[in-house]
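Descriptive structure summary
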Amino acid sequence: SCVAIEFISKSNSGDTLILSSDFANAQLDGNIDIPNLYNSFLGYLAPHFPMIPKAVSREQNFNFSIDVFNSSALTDLLLPNLRLGDGAHIYGLFNTEDTGLDLTITSPNLGWGKWLWRDLEINSIATQEHWQVDLLSSQLDYNLETKFENIELDQIGTFGDWRYALAWTSNDSIKFDGILKA
């Protein structure tokens, strides 16, 4: 696997960072504090996931775009049960002083074990106080059989105080639809 990192520009108005590899290409544009980038992400995620160590978030304000075209090169090494569809696109904005982490993921499929989401879109906004996730998918398969179709899942809140809404249809022999709110 080959990874290339290139700084296109460094100026008072912002930075451009381009990463190219055998499995994905990424571009970040804006004010990027690279030495503190990892801790800044942890600082935004820690309030929502207690298993993540608390970290101090530094000022970050940039747009990002990642195109995945050979995900198995990365997932086989780090998460062997995860299958991210080639052609996945991850993009958004990370602004620690204002909007937080605004993230969108689109993928032809996303699998874990025997589960497989098809035509997946996830929109997520995380601030220090709240986290909102909206998921849309055309199908959810288990063991190569479609179990649910036209799935919508919405989550909002913070750790210990989540609100959920789930809607789906199903075309199997039972032919059931549903809406669940919790």
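Residues numbered from 1 in each chain as written. Predicted model: local features only at pLDDT ≥ 70, side-chain atom pairs only at ≥ 80, totals over all residues. Heavy atoms only, no water.

The next subject is the overall build of the protein. Looking only at helices and strands, the protein has two helices and 12 strands in total. Reading the helices (α) and strands (β) of the protein from amino to carboxyl end gives β-β-β-α-β-α-β-β-β-β-β-β-β-β. Counting across all 182 residues of the protein, residues that qualify as buried make up 32%. Once local pairs closer than 6 in sequence are excluded, the contacts in the protein between residues at least 24 apart make up 37%. Surface exposure of the protein reaches about 11,000 Å², of which carbon and sulfur atoms provide 57%. (Helix = DSSP H or I, 4+ residues; strand = E, 2+ residues; numbered from the N terminus. Buried < 20%, exposed > 50% of the residue type's maximum accessible area, 1.4 Å probe, protein only. Contact = heavy atoms within 4.5 Å. Areas by Shrake-Rupley, 256 points an atom, 1.4 Å probe, with all protein chains shown as cover.)

Looking now at the pairing of strand β3 (residues 24-31). With six bridges connecting them, strand β2 (residues 14-21) and β3 associate as antiparallel partners. Its bridge partner being in β3, Ser-20 is matched across the sheet by Asn-25. Hairpin connection from β2 to β3: two residues lie between these consecutive antiparallel strands. Where β3 lies against strand β4 (residues 61-68), eight bridges are found, and the strand directions are antiparallel. Across the sheet, residue Asn-25 finds its bridge partner in β4, namely Asp-67. (Pairing = 2+ DSSP bridges.)

With that settled, the discussion passes to unusual backbone geometry. The phi dihedral of Asn-143 falls on the positive side, at around 55 degrees, and the residue is not glycine. Following the sequence through the fold, Asn-143 ends up in the loop between β9 (131-142) and β10 (145-158). The exposure class assigned to Asn-143 is partly exposed, which follows from its relative accessible area of 44%. Backbone geometry places Asn-150, a non-glycine residue, at a positive phi of 50 degrees. On the secondary structure map, Asn-150 appears in strand β10.

It should be kept in mind that the predicted coordinates are not to be read in detail where pLDDT is low. Per-residue pLDDT for the protein has a mean of 85; in total, 88% of the residues score no lower than 70. Summarising per-element confidence for the protein, the mean pLDDT is lowest in strand β1 (residues 3-11) (60) and highest in strand β6 (residues 88-95) (96). (pLDDT = per-residue confidence, 0-100.)

Another point: the pattern of salt bridges. Applying the stated criterion across every chain, the model contains three salt bridges. With its nearest N and O atoms 2.7 Å apart, the salt bridge here joins Arg-118 to Asp-141. On the criterion of sequence distance, the pair formed by Arg-118 in strand β8 (residues 115-126) and Asp-141 in strand β9 is long-range, its members being 23 residues apart. A relative accessible area of 29% places Arg-118 in the partly exposed class. Asp-161 serves as the salt-bridge partner of Arg-163, at 2.3 Å between the closest nitrogen and oxygen. (Salt bridge = Lys/Arg side-chain N within 4 Å of Asp/Glu carboxyl O.)

Applying the stated criterion to the full structure yields seven aromatic pairs. Ring centres 4.6 Å apart and planes at 50 degrees place the aromatic pair Trp-115 and Tyr-142 in the tilted group. On the criterion of sequence distance, the pair formed by Trp-115 in strand β8 and Tyr-142 in strand β9 is long-range, its members being 27 residues apart. Judged by relative accessible area, Trp-115 falls into the partly exposed class, the value being 37%. (Phe/Tyr/Trp six-rings, centres within 6.5 Å; stacked < 30°, edge-to-face > 60°.)

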